[in-house]
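Residue-level structural notes
The lines below spell out each chain.
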Amino acid sequence: MFGKLTVIKVYCQDLDAMTAFYRDRLGLEVREEYPGVSVVFDTGHGGELIVQQGAEPTAIAFTQVDIPAAHRALEDLGTTEVFPHKTGERFEAADPEGNRLIFVNA
């Protein structure tokens, strides 16, 4: 019901070190780079790992989601309203530890 887990966003204090680690040590290919802000890595099979400067909780995104059904099923988690996404609609919720869960119908 909740689609495919395709994006993980990890926040960090040292973007250069994290970029070097995932690119050079783990061999992930850089898909997009926003200097001083974030780096998007290709994880294969359409997935992305986003490393972003900051101290927020980890965020994971599910795509190809049935938005109305998922929103109803998770509304007890204090979901956000459904709002536009660059390729469709999305909403967010949080897991028990406060990590962000993003649901997109793209």
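Right above here is the structure, for reference.
Here the focus is the nonpolar core. Counting residues in each nonpolar core, the largest one holds 9 residues, listed as Phe62, Val65, Ile67, Ala70, Leu74, Phe91, Ala93, Leu101 and Phe103. Within the residue set of this core, elements represented by two or more residues are helix H2 (67–74), strand S7 (88–94) and strand S8 (100–104). No other element matches H2, which puts 3 residues into this core. Contacts of Leu101, omitting those with residues within four sequence positions, involve Ile60, Phe91, Glu92, Ala93, Ala94 and Asp95. Core analysis: the next-biggest nonpolar cluster, separate from the first, contains 8 residues, Leu15, Phe41, Leu49 and Val51 among them.

Time to look at the packing of aromatic side chains. Tallied over the entire structure, the rule returns 5 aromatic pairs. An angle of 55° between the planes, with centres 5.8 Å apart, marks the rings of Phe2 and Phe103 as tilted. With Phe2 in the segment before strand S1 (4–12) and Phe103 in strand S8, the pair connects residues that are 101 residues apart, well separated along the chain. Since its relative accessible area comes to 2%, Phe103 is described here as buried. Grouped by ring-pair contacts, the aromatic residues Phe2, Phe62, Phe91 and Phe103 constitute a single cluster.

Let's shift gears to unusual backbone geometry. Trans peptide bonds make up the majority, and among non-glycine residues the majority have a negative phi. With a phi close to 55°, His45 is a non-glycine residue in the positive phi region. With respect to the helices, strands and loops of the structure, His45 is situated in the loop between strand S3 (38–44) and strand S4 (47–53). The phi dihedral of Gln64 is positive, around 60°, even though this residue is not glycine. Position of Gln64 among the secondary structure elements: in the loop between strand S5 (59–63) and H2.

Attention now moves to the pattern of salt bridges. All chains considered together, the criterion is met by 6 salt bridges. Residue Asp42 pairs with Arg31 through a salt bridge whose shortest N-O separation is 3.1 Å. Remark: Arg31 occurs in strand S2 (residues 29–34) and Asp42 occurs in strand S3; sequence separation between them is 11 residues. Take Asp42: its relative accessible area is 26%, and that puts it in the partly exposed class. Each of the salt bridges in this network shares a partner with another, and the network as a whole consists of Glu56, Arg90, Glu92 and Arg100.

What counts, and at which threshold
Residues numbered from 1 in each chain as written. Predicted model: local features only at pLDDT ≥ 70, side-chain atom pairs only at ≥ 80, totals over all residues. Heavy atoms only, no water. Core = buried A, V, L, I, M, F, W, Y, C linked by side-chain atoms within 4.5 Å. Buried < 20%, exposed > 50% of the residue type's maximum accessible area, 1.4 Å probe, protein only. Helix = DSSP H or I, 4+ residues; strand = E, 2+ residues; numbered from the N terminus. Contact = heavy atoms within 4.5 Å. Phe/Tyr/Trp six-rings, centres within 6.5 Å; stacked < 30°, edge-to-face > 60°. Salt bridge = Lys/Arg side-chain N within 4 Å of Asp/Glu carboxyl O.

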